[in-house]
Amino acid sequence: MLPFARVAIIGMGLIGSSLARAVRAAMPSVQLVVSDADAAVRERVIQLGLADDVADGAGAAVVDADLVILCVPVGAMAAVAAEIAPELSPDTVVSDVGSVKESVARVLGEGLPGVHVIPAHPVAGTEKSGPDAGFASLFKGRWCIITPPPRADATMVERLAEFWRRLGAKVDLMDAAHHDRVLAVTSHLPHLIAYSIVGTASDLEAVTRGEVIKYSAGGFRDFTRIAASDPVMWRDVFLNNREAVLELLGRFTEDLVALQRAIRWGEGETLEALFTRTRAIRRSIIDEGQDTEKADFGR
Ligand code: NAP
């Protein structure tokens, strides 16, 4: 039996449109109704045939849905919650895919009393945005972290977990605050560093912009992929995971200063020991199937 028969997706960008494609491929009998604030996106979704119905507003899309998934930037969750609240029935599960979980859980919990709010985060994505960027296999073999609130209905949590498993994801359950600390390390800080390095390089005066682009294969280009990620989405991530990111940034800054000292004082052993340790981490990621050996990281 299908975990959910009628699914509504609000926000049809990279993640929402990937979800729609994945649901179509894995559970073709599910009734799929979607919406997006942007009329051009709605039009494109119709052209691509990604859903059974494309509603003009989020409220209309969620009527009679037994699962609603919000795929909008974290900062837009409260507005969407307000829009859909009057249309939901008490049995509806409302979930999301936001990259930050504690603030989203709070906003959805407050905005949607009386329905099953069960936030989640598929740890999968690319630097692209919009409905053309999505693809059905995005979640295959990737982790989806579900962060059930303390009094969540266990049956509904399991149904949501089963939904993600059917899309090919592996599911973990986690406390929302812990999720935010883990993702600050694995995703948020790396993005901040990439944004910072690419910004620094583009501001340099001694090296021309043409040279930065021309010789980018030396490492810079791998940072530019991450630094090309959606500006609105990432603005919201940093504004909503402030504490965890700031704490980690303090630690990172100290470690960077230690490296600065090692370079200044010619401490080659310190540098080599660190670089040997970090190479082993790359090996573990490949061994666990979360990336490939390919030089372009398989993307
Ligand atoms: P995206 O490609 O920019 O798509 C977001 C879509 O939501 C856009 O079409 C946007 O329309 C629409 N939207 C914004 N506010 C809305 C509202 N109030 N009502 C209805 N639609 C609205 O972004 P994305 O990469 O799919 O990210 C969506 C969510 O997934 C975010 O919460 C993000 O944190 C999470 N996530 C992203 C990744 C990733 O790698 N990208 C991975 C995991 C999770 P406009 O263009 O008009 O704003």
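In this text, all values refer to a predicted model and were calculated from it rather than measured experimentally. (Residues numbered from 1 in each chain as written. Predicted model: local features only at pLDDT ≥ 70, side-chain atom pairs only at ≥ 80, totals over all residues. Heavy atoms only, no water.)

Asks: Which parts of the structure should I look at to understand the state of the cysteines?
Replies: Each disulfide consists of one covalent bond between the sulfur atoms belonging to two cysteines. Scanning the model with the defined rule gives 0 disulfides in all. Not engaged in a disulfide, the cysteine Cys 71 finds its nearest cysteine sulfur in Cys 144; these two sulfurs lie 11 Å apart. Residue Cys 144 is classed as buried on the basis of its relative accessible area, which comes to 0%. (Disulfide = S-S within 2.5 Å. Buried < 20%, exposed > 50% of the residue type's maximum accessible area, 1.4 Å probe, protein only.)

Asks: Can you walk me through the pattern of salt bridges in this structure?
Replies: Once their charged atoms are close, side chains differing in charge can pair, the charge on each being opposite to the other. The full count for this structure, using the stated rule, is 14 salt bridges. As a salt-bridge pair, Glu 243 and Arg 242 come within 3.4 Å of each other at their nearest N and O atoms. A relative accessible area of 58% means that Glu 243 is categorised as exposed. In the salt-bridge network here, residues are joined through shared partners; they are Glu 158, Glu 162, Arg 165 and Arg 166. (Salt bridge = Lys/Arg side-chain N within 4 Å of Asp/Glu carboxyl O.)

Asks: What's the story with the site of the ligand in this structure? I'm lost.
Replies: Close to the ligand lie 27 residues; Leu 14, Ile 15, Asp 36, Val 72 and Ser 99 are nearest. Ser 99 has a polar side-chain atom sitting 2.6 Å from an oxygen atom of the ligand. Taking Gly 130, its main chain carries an N or O atom lying 3.0 Å from an oxygen atom of the ligand. Look at the ligand: alone it shows 900 Å² of surface, and the protein chains cover 82% of it. Residue assignment for the shell around the ligand shows that the elements contributing at least two residues are α1 (14–26) and β7 (120–122). (Near = heavy atom within 4 Å. Polar contact = N/O pair within 3.5 Å; in protein donor to acceptor, adjacent residues only side chain to side chain. Areas by Shrake-Rupley, 256 points an atom, 1.4 Å probe, with all protein chains shown as cover. Helix = DSSP H or I, 4+ residues; strand = E, 2+ residues; numbered from the N terminus.)

Asks: How do you make sense of the domain arrangement of the protein when you look at a structure like this?
Replies: When the parts of a complex come together, some accessible area is lost, and that lost area is often used as the size of the interface. According to the domain assignment, the protein consists of domain 1 (6–174) and domain 2 (178–266). Placing the centre of domain 1 and that of domain 2 at their C-alpha centroids yields a distance of 29 Å. Listed as interface residues are 15 residues of domain 1 and, on the opposing side, 15 residues of domain 2. Between domain 1 and domain 2, a total of about 1200 Å² is buried, with carbon and sulfur atoms accounting for 64% of that surface. Ranking the residues of domain 1 by area buried against domain 2 places Ser 99, Val 100 and Glu 127 at the top, with a combined share of 41%. Here domain 1 and domain 2 share 1 salt bridge between them. In this assembly, domain 1 and domain 2 are joined by 8 residue pairs in polar contact (both at pLDDT 80 or more). Of the residues in the side of domain 1 that touches domain 2, the class split is 6 nonpolar, 6 polar and 3 charged. (Domains from an automatic or database assignment. Contact = heavy atoms within 4.5 Å. Buried area = accessible area lost by both parts, 1.4 Å probe. Nonpolar A, V, L, I, M, F, W, Y, C, P; charged D, E, K, R; others polar.)

Asks: Would you explain the pairing of strand β1 (residues 6–10) in this entry?
Replies: Each regular strand carries side chains that alternate between the two faces of the sheet. Counting buried positions along β1 gives 4 out of 5 residues, so the element sits mostly inside the fold. The pairing of β1 with strand β2 (residues 31–35) spans 5 bridges and is parallel. Looking across to β2, one finds that Ala 8 is bridged to Val 33. Read as a crossover between parallel neighbours, the route from β1 over α1 to β2 is right-handed. Sheet topology note: the β1/strand β4 (residues 67–70) ladder contains 4 bridges and is parallel. In the strand pairing of β4, Ile 10 is matched with Leu 70. (Pairing = 2+ DSSP bridges. Right-handed = clockwise from strand over helix to strand, strands pointing away.)

Asks: Hey, could you run me through the nonpolar core in this one?
Replies: One recurring pattern in soluble globular proteins is that nonpolar side chains are buried together. Membership of the largest hydrophobic core comes to 41 residues, with the highest contact counts inside it found for Ile 9, Leu 19, Phe 139, Ile 146, Phe 163 and Trp 164. Elements that contribute at least two residues to this core include exactly β1, α1, β2, α2 (39–48), β4, β8 (143–146) and α6 (154–166). Grouped together as the second largest cluster of nonpolar side chains are 30 residues, Ala 8, Val 62, Val 80 and Val 104 included. (Core = buried A, V, L, I, M, F, W, Y, C linked by side-chain atoms within 4.5 Å.)

Asks: Looking at this structure, I do not really get the sheet that holds β1. What am I missing?
Replies: Adjacent strands of a sheet pair through backbone hydrogen bonds, lying either parallel or antiparallel. Spatially, 6 strands are ordered β3-β2-β1-β4-β5-β6 in an open sheet, and the strand pairing comes out parallel. Two strands lie at the open edges of the sheet, namely β3 (53–54) and β6 (116–117), each paired on one side alone. Where β2 lies against β3, 2 bridges are found, and the strand directions are parallel. When the sheet's bridge partners are listed, Val 34 is paired in β3 with Val 54.

Asks: Looking at this model, I keep getting lost on the packing of helix α7 (residues 176–203) against helix α9 (residues 220–227). Mind explaining?
Replies: Angle between the axes and distance between the axes are the two parameters that describe a pair of packed helices. Across the interface, α7 lies against α9 with an axial gap of 8 Å and an inter-helix angle of 115°. Note on packing geometry: the crossing formed by α7 with α9 is left-handed. Across the interface between the two elements, Pro 190, His 191, Ile 193, Ala 194, Tyr 195, Ile 197, Val 198 and Ala 201 from α7 touch Phe 220, Phe 223, Thr 224, Ile 226 and Ala 227 from α9. Counted by class, the contact of α7 with α9 contains 11 nonpolar, 2 polar and no charged residues. (Axes fitted to C-alpha atoms, helices over the stretch in contact; angles between N-to-C directions. Left-handed = near helix turned anticlockwise from the far one by under 90°.)

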